[in-house]
Amino acid sequence: MDIRKDFLPVLRPVGGEEEIRSIAETIESGWWGKGPKVAQFEKEFAEMVGAKYAVAVTSATHGQDLVFKAMGIKDADIINPAISFMTTAVVPLWNNCTSNIVDVREVDLNICPEDVRKNLKPNTKAIIAVNHAGVPAPIKEIREVYDGFILEDCAHSCYFPGAGKNGDVAVWSFQAVKTMPCGDGGMITTNDKDLYEKLVPMSWLGISSTYSRVNKNDNLSGKPGYSWDYEVDLLGYKCYMIDIVAAICLEQMKKLPKHLEIRKNIQNIYNKELKDYIQTPPWSETCQYYCARVAPSQRDDLIDYLATKNIHTSVHFKPLYLYNVVRKMNQRSYQISDNQWKRLISLPCHPGMNNNDIDYVIYWVKKYFTR
Ligand SMILES: Cc1ncc(COP(=O)(O)O)c(C=O)c1O
């Protein structure tokens, strides 16, 4: 097979006329900041995931940080899984907490309930449970050993039924290569009214949104028309989503079922065609990442080999305890993560791939193992 001229990305967003039109409408409407599109997106997203409340923010990272601040979680021990993105280790640190990294399960690389149990501390105030690659984390099993606050990290789980429902609060990501991308954005969903009522003003310095005051939801004056005045009771910062971004999210949400079908189709074909060459990942309803496993001695070589064929791959993830920022506070052994991460290779999987792209990846992966 000829080597393609352009590279095949491991992940990429796909948008088109609909997103362009939606952004154009927003630009022309004169309401670019947080306004009707964000309100509509929050409402529709909450309905989709079956949550009472949704707060749209600039990223999942800001979302998690805001939840910590709204819950008053600080000066505590926070448990989070080894195989994850930097957010889950760093948010605790920014809140003056320790990042207590625990091992994962071999089967799905999700947080290991047994290791949670072993590493609980008297001051453990929260657990961040990641649905790794869109496979549900064992939150019910964690509840058997821990009855405190659980933040369900749904960055990879947009959307499968039940996602976001097992933790006390869920945080979602719409970052550029996620299943429902908008460039950068996130959502916090919860059924907790008190928490919701804190999160909304805290996403803008404690101020009620201009849009809510135009709409007289929060009109201090009680007079007709736009109320310019507001009170600030809570300490917040600026991390709310804006309408230009929500314009993309609303269109991507309509396309989500189709995009998830494409991802699942790729997953099915890879599983079928490559099962004799790689260890196929556990089934994922979102297939945010197709995390294959190969022998540690072959992983980096395969990455390099595929790169010479213009196929980009990645690793989701290198364990967090290997990064300097948290290394010192996590000086222990991580048997599963240590063994498994060296075997991980994410193959291209995104709605921008056609059948030729899928066949191309399969051809070169097979070729590598049969050379
Ligand atoms: C598990 C996990 N949590 C959180 C995030 C952070 O998401 P965002 O980029 O929206 O801040 C990511 C991003 O990849 C992630 O993989």
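Reading the values: rules and limits
Residues numbered from 1 in each chain as written. Predicted model: local features only at pLDDT ≥ 70, side-chain atom pairs only at ≥ 80, totals over all residues. Helix = DSSP H or I, 4+ residues; strand = E, 2+ residues; numbered from the N terminus. Buried ≥ 20, exposed ≤ 12 C-beta atoms within 10 Å, placed from the backbone. Contact = placed C-beta atoms within 7 Å. Near = placed C-beta within 6 Å. Nonpolar A, V, L, I, M, F, W, Y, C, P; charged D, E, K, R; others polar. Domains from an automatic or database assignment. Pairing = 2+ DSSP bridges. Axes fitted to C-alpha atoms, helices over the stretch in contact; angles between N-to-C directions. Expected span 1.5 Å × (residues − 1). Arc of directions from axis to C-beta.

With that settled, consider the overall build of the chain. Across its full length, the chain carries 13 helices and nine strands. Going through the 371 residues of the chain one by one, you find that 47% of them count as buried. Across the chain, contacts joining residues at least 24 apart in sequence account for 67% of those joining residues at least 6 apart.

On to the site of the ligand, then. Neighbouring residues of the ligand: 13 residues in total, closest Ser59, Ala60, Thr61, Phe85 and Ser173. When residues of the shell around the ligand are traced back to their parent elements, those giving at least two are helix H3 (60-71) and helix H4 (87-94). Split by residue class, the shell around the ligand holds four nonpolar, eight polar and one charged.

Attention now goes to the domain arrangement of the chain. Accessible area lost when the parts come together is the quantity often used to give the size of an interface. Its domain assignment divides the chain into domain 1 (17-251) and domain 2 (256-370). Across the boundary between the two partners, domain 1 contributes 28 residues, which contact 27 residues of domain 2. Breaking the side of domain 1 that touches domain 2 down by element, the ones donating at least two residues are H4 and strand S3 (98-102). For the side of domain 1 that touches domain 2, the element with the highest residue contribution is S3, accounting for three residues. For the side of domain 1 that touches domain 2, the per-class residue count stands at 16 nonpolar, seven polar and five charged.

Here strand S6 (residues 169-173) lies mainly inside the structure; five of its five residues are buried. Here S6 shows no split at all, with Val169, Val171 and Ser173 on one side and Ala170 and Trp172 on the other all buried. As paired strands, strand S5 (residues 149-154) and S6 are joined by four bridges and run parallel to one another. If you follow Asp153 over to S6, its bridge partner there is Val171. Summarising the sheet, S6 and strand S7 (residues 186-190) pair through four bridges and their orientation is antiparallel. Among the inter-strand pairings, Val171 is bridged to a residue of S7, identified as Ile188.

A few words now on the environment of Ile111. Along the chain, Ile111 falls in the loop between S3 and helix H5 (113-119). For Ile111, a count of 31 C-beta atoms within 10 Å translates into the label buried. Not counting residues within four places of it along the chain, the set of residues in contact with Ile111 comprises Pro81, Val102, Val104, Val116, Ala129, Val130 and Ala137.

The pairing of strands in a sheet comes from backbone hydrogen bonds and takes either a parallel or an antiparallel form. Within the open sheet, the seven strands sit side by side as S1-S7-S6-S5-S4-S2-S3. Their pairing is mixed. The two strands at the open ends of the sheet, each matched to only one other strand, are strand S1 (53-57) and S3. Across this sheet, the average inter-strand angle for adjacent strands is 20°, counted without regard to direction. Across the sheet, H4 lies against strand S2 (77-81), S3, strand S4 (124-130) and S5, angled at about 155° from S3, the strand it touches most.

Take helix H2 (residues 36-49) next. Counting along an α-helix, one turn takes 3.6 residues, and residues three or four places apart therefore face a common direction. Counted at 1.5 Å a residue, the expected span for H2 with its 14 residues is 20 Å, and the 20 Å between its end C-alpha atoms agrees. Among all positions in H2, only Lys37, Val38, Phe41, Glu42, Phe45 and Val49 are buried. The buried side chains of H2 occupy one side of the element, clustering within an arc of 135° when seen end-on. Facing away from the buried side of H2, by more than 90 degrees, are the exposed residues Lys43 and Glu47. Elements that come into contact with the buried residues of H2 comprise helix H1 (17-29), S1, S7 and helix H9 (243-274). Phi turns positive, to about 70°, at Gly50, one or two residues after H2.

Attention now goes to H1. Compared with the 18 Å implied by 1.5 Å per residue over 13 residues, the 18 Å span of H1 between its first and last C-alpha is a close match. Positioned one or two residues after H1, Gly30 has a phi angle of 85°, which is positive.

Here the amide bond leading from Cys158 into Tyr159 is cis, since omega sits at -5°, within 30 degrees of zero. The amide bond that connects His316 to the next residue, Phe317, takes the cis arrangement and shows omega of 5°. Even without being glycine, Ala133 reaches a positive phi, approximately 55°. Positionally, Ala133 belongs in the loop between S4 and helix H6 (139-145). Judged by local crowding, Ala133 falls into the buried class, with 24 C-beta atoms found within 10 Å.

Time to look at the environment of Asn80. With respect to the helices and strands, the residue Asn80 is situated in strand S2. For Asn80, a count of 25 C-beta atoms within 10 Å corresponds to the buried category. It is 19 Å that separates the C-alpha atoms of Asn80 and Thr189, two residues lying 109 residues apart in sequence. Every residue in contact with Asn80, bar those within four places of it in the chain, is listed here: Thr88, Ala89, Pro92, Ser99, Ile101 and Ile128.

What follows covers the pairing of strand S9 (residues 344-347). On S9, burial covers both faces: Leu344 and Ser346 on one face and Ile345 and Leu347 on the other are all buried. Of the strand pairs in this sheet, strand S8 (residues 290-293) and S9 are connected by four bridges, and their pairing is antiparallel. For Arg293, the partnering residue across the bridge sits in S9 and is Leu344.

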